[in-house]
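Descriptive structure summary
Listed here are the chains, written in short residue letters.
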Amino acid sequence: MALAKRIIPCLDVDKGRVVKGVNFVGIRDAGDPVEIAKRYNDQGADEITFLDITATHEGRATTVQTVEQIAAEVFIPLTVGGGIREISDIRTMLNAGADKVGINSAAIHNPDFVREAAERFGSQCIVIAIDAKQVPNNPDGSPRWEIFTHGGRKPTGIDAVAWARKMVSYGAGEVLLTSMDGDGTKAGYDLALTRAISEAVAVPVIASGGVGNLDHLVDGVIEGKADAVLAASIFHFAEYTVPEAKAYMASKGIEVRL
Amino acid sequence: MTKSTVAVIDYGMGNLHSVASALHKVGDGVTVQVTDDPDTILAADRVIFPGVGAIRDCMAELKARGLDELVQEVSATKPMLGICVGMQALMESSEENGGVACLDVLPGQVKFFGADLRDGGGERLKVPHMGWNTVKQSYEHPLWEGIADNSRFYFVHSYYIDAPEFVAATAEYGVEIHAALHCENVFAVQFHPEKSGDAGLRLLSNFLRWDGGQAVFRPVS
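Residues numbered from 1 in each chain as written. Chains lettered and ligands numbered in written order. Predicted model: local features only at pLDDT ≥ 70, side-chain atom pairs only at ≥ 80, totals over all residues. Heavy atoms only, no water.

1. Remarks on the sheet that holds strand 6 (residues 100–101) of chain B
Residues and elements named next belong to chain B.
- Taken in spatial order, the 4 strands of this open sheet run 6-5-7-10, and their pairing is mixed. What marks the edges here is a single partner per strand, and that holds for strand 6 and strand 10 (159–162).
- Inspection of the sheet shows strand 5 (residues 93–94) paired to strand 6 by 2 bridges, in the antiparallel sense. From the neighbouring strand, S93 faces strand 6, where its bridge partner is A101. (Pairing = 2+ DSSP bridges. Helix = DSSP H or I, 4+ residues; strand = E, 2+ residues; numbered from the N terminus.)

In structure tokens:
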């Protein structure tokens, strides 16, 4: 018996509705976040991630209310990301019932924010969310990925592997790694990227972006060396249930919580 | 279930919402008070001592609020459930933050997993120990009632308990973790029952019906 690899359904929420886009564009409505979170909890999901994809100041009150409603129904860990820019945002989400917060662009603008957040709330609740895309290889021929912002439109010039290492050294307790190339394509995780980050840091890594079938989840763990696998549309649109995903992973020799 | 009160000790260390929310879910009619008020804690029938974050900050906050001696006192007088860093604070001392003296309610130390933790097959293990691990019950206990042996619970911690006695459950993560301890009125768990799905809710429900005292030292069948 060992630690189970986690399966994490992800709710991308826009104005109080779960949506799913392809490469962050082309939105499709998937339903009410509280109902969906409850369904995944009942199916035996190991954790739930809630991403406020618009994260406007005006929409914040709705988001907080939705997180509160989910937390009252769901007794597994809940991570909330999107628009986490200030220490007060973290406190608001933790008070609403989140267990962890995902920090993304705020860390790029001010890396010390992650340090301050980890010192204040503990590394266990600070997840560094990294959106990366493959770019031309390094001079030595090795693959290179860069951090992108603004839904994958804006390159930052920051090397994804170096960034993950730096954020972990600043106190991030987990990495949520999204391949912007893969997101919404259903072509599978970027396994080389996932493996490179997982081997570079000592904290758990969640693979995200591109899941289209159950073999992709298996590949994320076995080839990508991910500690957890995140997926959205395969669960939202009932292509697969969480128990089906777990049973399939178990059949491939992966330790899961059944 | 008796109509009773349970105090969740709030000493500024992290999010107690989920503990209170889980108690509301299972505690039919139980009054849940999230509080740092000594009189409220002393008047409660049961006490939950949670905690997240670094042990130095936890101990400093407890002392600043005058709650360190209160926790020691109520641990001897009423059923208490320590959770995660709350459990760690009940031990003699912790290696975290360069060594911190704790409340010495339970014998044993809190140790670091180490920077190069490996499983039996030599695979590197990530620290923190984060996720769902199996918990092996050491003996039958009212708090394990209705929970299958080797059920999975949610853990998230970088330091683990090494206790010489009173071990109520173990888990494996590179080393043997003492995942639960029980001594008289105190039951303490390293994992988060409030985040451990049905098994965790059952443990909290069992706690709300537990009156403390000794376990039945029968091996788990």
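There is more to say after this.
2. Here's the deal with the confidence of the model for chain B
Residue and element names in this part refer to chain B.
- For chain B, per-residue confidence averages 92 on the pLDDT scale, and 94% of positions sit at 70 or higher.
- Mean pLDDT per element in chain B: helix 1 (residues 17–26) is the minimum at 91, and strand 13 (residues 186–189) is the maximum at 98.
- What the predictor reports for the complex is a pTM of 0.93 with an ipTM of 0.92. (pLDDT = per-residue confidence, 0-100.)

3. Considerations on the interface of chain A and chain B
- Of the residues lining the interface, 36 residues belong to chain A; the matching set on chain B comes to 29 residues.
- Between chain A and chain B, the buried area comes to about 2600 Å², and carbon and sulfur atoms account for 55% of it.
- It is L3, F75 and Q124 of chain A that lose the most area in chain A upon contact with chain B, and together they represent 30% of the buried surface on that side.
- At the junction of chain A with chain B, the criterion picks out 4 salt bridges.
- Between D99 of chain A and K195 of chain B there is a salt bridge; the shortest N-O distance is 2.8 Å. (Contact = heavy atoms within 4.5 Å. Buried area = accessible area lost by both parts, 1.4 Å probe. Salt bridge = Lys/Arg side-chain N within 4 Å of Asp/Glu carboxyl O.)

4. Notes on the packing of aromatic side chains
Residue and element names in this part refer to chain B.
- Applying the stated criterion to the full structure yields 12 aromatic pairs over all chains.
- Geometrically, the ring pair formed by W144 and F187 is edge-to-face, given 5.6 Å between the ring centres and 80° between the ring planes. Separated by 43 residues along the polypeptide, W144 in the loop between strand 8 (129–137) and strand 9 (151–157) and F187 in strand 13 bring together distant segments of the chain.
- Judged by centre distance (6.3 Å) and plane angle (80°), the rings of F187 and W210 are edge-to-face. (Phe/Tyr/Trp six-rings, centres within 6.5 Å; stacked < 30°, edge-to-face > 60°.)

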